[in-house]
There are 4 protein chains.
Amino acid sequence: MLKVIVCGATGYTGFELIKLLLKHPEVEISAISAKIEKPERISDIFPELKGILDMHCDEMKIQDMIKTGGRIAFLALPHRVSMEFAPHFLEKGIKVIDLSADFRLKDTSAYEKYYGQGHKCKEYLATSVYGLPELYNDKIKGAKLIANPGCYPTAAILSLAPLISKKAGDIKELIIDAKTGVTGAGRKANLAFNFAEVAENMWAYKIGTHQHAPEIDQELSALAGQNIKVLFVPHLVPVKRGILTTAYVKIKKCPAVSELIKLYKDFYKSAPFVRVYDEGKFPQTKDVYYSNFCDIGITIAEGRIVIVGCIDNLIKGASGQAVQNMNIMCGFKETQGLL
Amino acid sequence: MLKVIVCGATGYTGFELIKLLLKHPEVEISAISAKIEKPERISDIFPELKGILDMHCDEMKIQDMIKTGGRIAFLALPHRVSMEFAPHFLEKGIKVIDLSADFRLKDTSAYEKYYGQGHKCKEYLATSVYGLPELYNDKIKGAKLIANPGCYPTAAILSLAPLISKKAGDIKELIIDAKTGVTGAGRKANLAFNFAEVAENMWAYKIGTHQHAPEIDQELSALAGQNIKVLFVPHLVPVKRGILTTAYVKIKKCPAVSELIKLYKDFYKSAPFVRVYDEGKFPQTKDVYYSNFCDIGITIAEGRIVIVGCIDNLIKGASGQAVQNMNIMCGFKETQGLL
Amino acid sequence: MLKVIVCGATGYTGFELIKLLLKHPEVEISAISAKIEKPERISDIFPELKGILDMHCDEMKIQDMIKTGGRIAFLALPHRVSMEFAPHFLEKGIKVIDLSADFRLKDTSAYEKYYGQGHKCKEYLATSVYGLPELYNDKIKGAKLIANPGCYPTAAILSLAPLISKKAGDIKELIIDAKTGVTGAGRKANLAFNFAEVAENMWAYKIGTHQHAPEIDQELSALAGQNIKVLFVPHLVPVKRGILTTAYVKIKKCPAVSELIKLYKDFYKSAPFVRVYDEGKFPQTKDVYYSNFCDIGITIAEGRIVIVGCIDNLIKGASGQAVQNMNIMCGFKETQGLL
Amino acid sequence: MLKVIVCGATGYTGFELIKLLLKHPEVEISAISAKIEKPERISDIFPELKGILDMHCDEMKIQDMIKTGGRIAFLALPHRVSMEFAPHFLEKGIKVIDLSADFRLKDTSAYEKYYGQGHKCKEYLATSVYGLPELYNDKIKGAKLIANPGCYPTAAILSLAPLISKKAGDIKELIIDAKTGVTGAGRKANLAFNFAEVAENMWAYKIGTHQHAPEIDQELSALAGQNIKVLFVPHLVPVKRGILTTAYVKIKKCPAVSELIKLYKDFYKSAPFVRVYDEGKFPQTKDVYYSNFCDIGITIAEGRIVIVGCIDNLIKGASGQAVQNMNIMCGFKETQGLL
């Protein structure tokens, strides 16, 4: 059994991660930690775990966590904190899968602009691998530090990658209208996310200024081999979990839908967690609820390509993808513990 | 136009109160205040009010509010704060309708036990009138200080008053299982009421220890002319607004349902906001959503009387009832601005 | 008191209409009808109306409704049914406000394509006025037959009208991503809209093929004086009521945001129910919940104009707008009964 | 791999059952059937299963299902249909786990009263075992026909069993106020369960007349060795899944809470899916969401015992419990596939 460490156990992604790891037949959690006032059983924080994982959670010292024998450390930490934790594990040869944004953006000035602070760990940033297995499976195999993708970017990039990889030069307009559930905002007290504010409500936010836009741009540009810049507009809708992205693409010489769907199916033929829908069918977020799938539906309307992508933001958009990355890094079956 | 003052404008009850007062043909809001960091337009806090009420809201001095000419002050303030504000208005001859619990419990030791602090305004407490118009219409007419009832007590007392007033001596068991929406917990940041914690969830809380239990006991005992003690168990369910109480009463010589329903209809024949349902019909909270009604359905099952009561916790359970009290105090039509 | 008739009283729009009319100081409902199995009190169908409107509802003959003296007939009927009812009222000089789509599309071939049936009432179609008061106030004044706009078109057209009226020639791309609540689908049994299917879910539907697209195109084209064709993509999100449209516009020589906002504020300066937000602020659907407002926020992002529009689909998107039209037709204050 | 058959695959319990069986390491689904118009891939009905189970679902003949080699047949069928299917499997030596109510009530007159039809399969009814593993583990081991308990009874009986088994003679009052999610009503078109009717709403129904009451009475009476009759009042709240029961018990000589909790912990010490909470703690339905646990919290308030029980109605209240029963019948680990 591979021992693993979870830092940031009390957030929504930390909690989902723990649940996935507990069901995974090849791993064992050796330590969990979080920023909490006093040590507490994780099952007192999340009673769902009562009798399943009653381990204590506290603000463990990194060295003590390392002593538990963990070979992989999952950092489900806030942005700006991960980059302080990661080097300590890496220096001891412990691989890191970071669920924060700290090692995603290769451009440190973009990082500073969107995350409000200079990057403190540039040496490791250079070696980090963007952990989207559908694009970087080979690199992930040998990676020591995985930057686990953001939730929106996972849905957006998977929705666009086949098209971008083939037709980048023809694209004349590229807009992503995204809708997310509330867990995306993290587990914390915040009036804006009180049930009484969210239920029977919806809103757009950070229009064109969301921190996930440069992440999407970076990956699509790499795929395209040229600079790509999307207009990304996120919305909050009253669900706990789930992301639906609607991508609008105007393109020179628009192909037939059937051709597009074939392109997508071919592109993802070895990807166990992407499901491309047949013509005329489109995914709903419930189809991927609590699962690691990204479901994609494609059509052409009024001359534009419209691509609908759905993920569970906490699974394929965070913790499930982290486990998928671990599977690849460790030579486990890619779907192990995730189906 | 009667000028009125609203203290505590930024909570859910304050906001509902403002909306009701704005639609009321006989009154005009002369001042609003709240505990906020800096003065702000109320319509910036609640954009729903944009163009309707753009008045500034700040931490006004009570004397300044008085100078606006308000003749009635609504205190939509937290418990323990109201009793500090009320005397200042009362001393100037301004009537007070207090939506907090501060003037509801005549027994100050019960107040101290349930609200965690000694009562600071006992002289006015002695003269306060419990503002449940269905029971105290006459006293409300002449009152200077109204203790506006709690949300749960409104539903519970109205569900039980006719029965208690006739059969108190025969009652052998009295349990109220109550279910409420989230606005009952107030407008504030609190992880427990985050959408991600509340949606797809429900729970019981303060079982037998809720601060509204002594309020229900006090009023039912007064009606009964003898000591009544209920077992009161509240639950949180994922709605924004709405209370449903299910009262279970075991009684010596249980009457027929038809007789009970007649008793209730007679009791409430002059009450414009209580609707007693015909035999076999029961209210749902949507039937009173955004309204000042309390709807009541009654049946007998397995030898016990079961009474279902529904209110909108922010209207009949708070702000609507406050306006109803104002109407009575000022000689307006009781339903003015509320239908 | 003006007598009015409501046909289609048992749907969500019929119900909202009744509630608005009951609060309206200038009108009185003289007859209500609906397709139901047997006559029933409207308050038995909607207990919210108990004691407020206990009138019977049944499949009244049109001639009997006319005999009640109604001067305006509201048709909250399904598409294809309204065009059979309307002529009977019109022939007797009774004005008609039709909430269905039957008199909206001037192009009968588009009607046939999107509503699956040839138009049966072309003579009246020619004289119908599209009841969007912000555009057609003068025509509405003298109209005998109002085609009350669809819910999506109301939000979409109001979001785009000022821009289109000034810059139609410069527009290079025009996409509307719309999100709606469930009442938009009508009040009927349908597994797809069961709570268990809708809660914790969202989806896109009728991508580029929704029947409201030609309605939007027709009105924007009329405003522009040239042919306009939008890409319109609706989504279902788990709210009961509320529409949020996000419009994306690419334009030659994009103006400054401040200039755009000024354009919008000027355009709507006489429109009591459109609120244009200041720079940096965007509406949420809760800001217009249960109200007749359309709230609009505007920004520029990545070189495109992004416009967020919010309405309550049952009020400004249907019944509130119908009352607003009635107010204009009858010389009442435009906001009468709606604020 | 043990082959199993699922009849009634298109309902919510059928769907959950399929998902549980797919994750179970010891079994393989050999046939699925349902009442549908034409054969369809189960993954077209539930896209969540795309690529996981693409087996066709149709109205298979029972004999054809038997030919697939299934050794256990799960009947997730409507009441009254199961008793027609079951004998065919049983006659061939195929064990049956019936999720309907058809084999739960030993008293056929009660069956007829509550399910509206005489019982058609009395010979097998006599041998059926009530599949609540916490009470009947030994009998389940050797059973050929399991009557899988109802959702409410599972929560209610587990909440009361320890107390009833020890103190039945002392009980003076016994009321169960239950709250359930919408999936309990099944997967079908029904206006009453439309999202627009359920969200922001709650209601009581079948007060004292629900078909699960006799089931609870039967099992509690068996435990008590004397006749027990509860007052059972169910409520619908706006969640998809989850049941919370609040049981109120008045008892002669009420024990201390600590003693009660000890009684419960002892009673369930070998039950892997019942978690008894420590004093002062109470479960929420989210703690058992998507899990096979029944969580129980106990307190004493105003002299009555109050017991809060939570289950996921589709898992411990239906399909998870069915799998638990299968595990016991087949000698698998009781928790296999369920943790």
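Residues numbered from 1 in each chain as written. Chains lettered and ligands numbered in written order. Predicted model: local features only at pLDDT ≥ 70, side-chain atom pairs only at ≥ 80, totals over all residues. Heavy atoms only, no water.

Draft legend 1. Up close: the overall build of chain A. Looking only at helices and strands, chain A features 12 helices and 15 strands. The C-alpha radius of gyration computed for chain A amounts to 20 Å, which stays within 12% of the reference 20 Å derived for 339 residues, consistent with globular compactness. Along the longest, intermediate and shortest principal axes, the C-alpha atoms of chain A span 60 × 45 × 40 Å. Split into buried and exposed, the 339 residues of chain A put 65% on the buried side. Summarising the internal contacts of chain A: among those between residues at least 6 apart in sequence, 68% fall at separations of at least 24. Of the accessible surface of chain A, which amounts to about 11600 Å², a share of 49% is contributed by carbon and sulfur atoms. Looking at chain A, you have 43 positive and 37 negative side-chain charges, and the mean spots of the two groups are 3 Å apart. (Helix = DSSP H or I, 4+ residues; strand = E, 2+ residues; numbered from the N terminus. Rg over C-alpha atoms; globule rule 2.2 N^0.38 Å. Buried < 20%, exposed > 50% of the residue type's maximum accessible area, 1.4 Å probe, protein only. Contact = heavy atoms within 4.5 Å. Areas by Shrake-Rupley, 256 points an atom, 1.4 Å probe, with all protein chains shown as cover. Lys, Arg positive; Asp, Glu negative; His and termini not counted. Charge placed at Lys NZ, Arg CZ, Asp CG, Glu CD.)

Draft legend 2. Representation of the interface of chain C and chain A within the structure. Across the contact, 43 residues belong to chain C and 43 residues belong to chain A. Summed over both sides, the interface of chain C with chain A buries roughly 3700 Å², with 59% coming from carbon and sulfur. Across the chain C-chain A interface, the total number found is 10 salt bridges. Seen at the junction of chain C and chain A, the total is 26 residue pairs in polar contact (both at pLDDT 80 or more). Put simply, the parts of the chain that give the side of chain C that touches chain A at least two residues each are strand 9 (171–180), strand 10 (203–204), strand 11 (231–236), strand 12 (243–251), strand 14 (294–301) and strand 15 (304–311) of chain C. Of the residues belonging to the side of chain C that touches chain A, the class tally is 21 nonpolar, nine polar and 13 charged. (Buried area = accessible area lost by both parts, 1.4 Å probe. Salt bridge = Lys/Arg side-chain N within 4 Å of Asp/Glu carboxyl O. Polar contact = N/O pair within 3.5 Å; in protein donor to acceptor, adjacent residues only side chain to side chain. Nonpolar A, V, L, I, M, F, W, Y, C, P; charged D, E, K, R; others polar.)

Draft legend 3. Examining the sheet that holds strand 14 of chain C more closely. Residue and element names in this part refer to chain C. The strand order 10-11-9-12-15-14-13 describes an open sheet built from seven strands, whose pairing is mixed. In the strand order of this sheet, the two ends are held by strand 10 and strand 13 (274–276), each with one partner. Of the strand pairs in this sheet, strand 10 and strand 11 are connected by two bridges, and their pairing is antiparallel. If you follow alanine 204 over to strand 11, its bridge partner there is histidine 235. (Pairing = 2+ DSSP bridges.)

Draft legend 4. Representation of the interface of chain D and chain A within the structure. The interface of chain D with chain A comprises 19 residues on the first partner and 19 residues on the second. Buried area between chain D and chain A, summed over both chains or domains, comes out near 1700 Å², and the portion from carbon and sulfur atoms is 54%. When the buried surface of chain D facing chain A is broken down by residue, D:Glu48, D:Lys50 and D:Arg275 rank first, second and third, together holding 29% of it. One can count two salt bridges joining chain D with chain A. The closest approach of N and O atoms between A:Asp44 and D:Lys281, which form a salt bridge, is 3.6 Å. In this assembly, chain D and chain A are joined by four residue pairs in polar contact (both at pLDDT 80 or more). Split by residue class, the side of chain D that touches chain A holds 10 nonpolar, no polar and nine charged.

Draft legend 5. Examining helix 10 (residues 212–224) of chain B more closely. All names here are of chain B. The terminal C-alpha atoms of helix 10 lie 18 Å apart, and with 13 residues this matches the ideal 18 Å at 1.5 Å per residue to within 8%. Of all 13 residues making up helix 10, 10 are buried, and the element is well covered by its neighbours. Within the span of helix 10, buried status applies to His212, Ala213, Pro214, Glu215, Ile216, Asp217, Glu219, Leu220, Ser221 and Ala224. Immediately downstream of helix 10, the backbone of glycine 225 shows phi near 70°, a positive value. (Expected span 1.5 Å × (residues − 1).)

Draft legend 6. Summary view of the relation of the copies chain C and chain A. With an RMSD of 0.0 Å, the fit of chain C onto chain A corresponds to turning through 180° and sliding 0.0 Å along the axis. Between the two chains, the operation in question is that of a two-fold axis. Most of the interface of chain C is mirrored in chain A, where 100% of its interface residues are also at the interface. (Least-squares fit on C-alpha atoms with pLDDT ≥ 70 in both.)

Draft legend 7. How the structure looks around the domain arrangement of chain A. All names here are of chain A. Each assigned domain of chain A is listed here: domain 1 (2–127) and domain 2 (152–313). If you average the C-alpha positions of domain 1 and of domain 2, the two centres end up 27 Å apart. Interface of domain 1 and domain 2: buried area, both sides summed, is about 1100 Å²; carbon and sulfur atoms make up 55% of it. On the domain 1 side of the interface with domain 2, the three residues burying the most area are Tyr12, Arg104 and Tyr114, jointly 52% of the side's total. (Domains from an automatic or database assignment.)

Draft legend 8. Summary view of the packing of aromatic side chains. Counted under the stated rule, the structure contains 40 aromatic pairs over all chains. On the basis of an interplanar angle of 70° and a centroid distance of 5.6 Å, the ring pair of B:Phe273 and B:Phe293 is categorised as edge-to-face. Of this pair, B:Phe273 sits in the loop between helix 11 (257–267) and strand 13 (274–276) while B:Phe293 sits in the loop between strand 13 and strand 14 (294–301), placing them 20 residues apart in sequence. Here B:Phe273 falls in the buried class, since its relative accessible area comes to 0%. Joined through ring pairs, the aromatic side chains of A:Tyr289, A:Tyr290, D:Tyr289 and D:Tyr290 make up one cluster. Seen from the ring of A:Phe15, A:Lys19 lies directly overhead, with NZ or CZ sitting 4.3 Å from the centre. (Phe/Tyr/Trp six-rings, centres within 6.5 Å; stacked < 30°, edge-to-face > 60°. Lys NZ or Arg CZ within 6 Å of the ring centre and 35° of its normal.)

Draft legend 9. Broad picture of the sheet that holds strand 8 (residues 145–147) of chain D. Residues and elements named next belong to chain D. Taken together, the six strands give an open sheet; going across it, the order is 2-1-5-6-8-7, and neighbouring strands pair in parallel fashion. Only two strands of the sheet have a single neighbouring strand rather than two, namely strand 2 (27–33) and strand 7 (129–130). The sheet contact formed by strand 6 (residues 95–98) and strand 8 spans three bridges and is parallel. Its bridge partner being in strand 8, valine 96 is matched across the sheet by leucine 145.

Draft legend 10. Looking closely at the environment of A:Ile42. All names here are of chain A. Tracing the backbone shows isoleucine 42 in helix 2 (residues 42–45). Residue classification places isoleucine 42 among the buried residues on the basis of a relative accessible area of 0%. Look past the residues within four positions of isoleucine 42 in its chain and what remains in contact with it is Ala9, Ile18, Ile32, Leu49, Leu53, Met55 and Cys57.

Draft legend 11. A look at the relation of the copies chain D and chain A. It takes a turn of 180° to lay chain D on chain A, together with a shift of 0.0 Å along the axis; the resulting RMSD is 0.0 Å. Comparing contact sets, 100% of the residues at the interface of chain D also lie at the interface in chain A, consistent with an isologous, same-surface contact.

Draft legend 12. View of the pairing of strand 12 (residues 243–251) of chain B. Residue and element names in this part refer to chain B. For strand 12, the tally of buried residues reaches nine of nine residues, placing the bulk of the element in the interior. The alternating pattern of strand 12 places Ile243, Thr245, Ala247, Val249 and Ile251 and Leu244, Thr246, Tyr248 and Lys250 on opposite faces, both of which are buried. Pairing between strand 9 (residues 171–180) and strand 12: nine bridges, direction antiparallel. Residue pairing for strand 12: isoleucine 171 is matched across the bridge by isoleucine 251.

Draft legend 13. Seen up close, the state of the cysteines. Residue and element names in this part refer to chain B. The full count for this structure, using the stated rule, is zero disulfides over all chains. For the unlinked cysteine cysteine 294, the closest cysteine sulfur is that of cysteine 310, found at 7.8 Å. We classify cysteine 294 as buried; its relative accessible area is 0%. Look at cysteine 310 and you get buried, because its relative accessible area is 0%. (Disulfide = S-S within 2.5 Å.)

Draft legend 14. Spatial organisation of the side chain of C:Thr183. The residue C:Thr183 is located in the loop between strand 9 and helix 9 (195–198) in this model. On the accessibility criterion, C:Thr183 (7% relative accessible area) is buried. The contact partners of C:Thr183, leaving out residues within four places of it in the chain, are C:Tyr12, C:Lys240, C:Arg241, C:Asn313, C:Leu314 and D:Ala196.

Draft legend 15. Structural detail: the pairing of strand 1 (residues 2–7) of chain C. All names here are of chain C. In terms of burial, strand 1 is largely enclosed, as five of its six residues are buried. Pairing analysis gives six bridges linking strand 1 to strand 2 (residues 27–33), with the strands arranged parallel. Bridge pairing in strand 2 links isoleucine 5 to alanine 31. Assessed by its sense of winding, the connection that carries the chain from strand 1 through helix 1 (residues 12–23) to strand 2 is right-handed. Here strand 1 pairs with strand 5 (residues 72–75) via four bridges, running parallel. (Right-handed = clockwise from strand over helix to strand, strands pointing away.)

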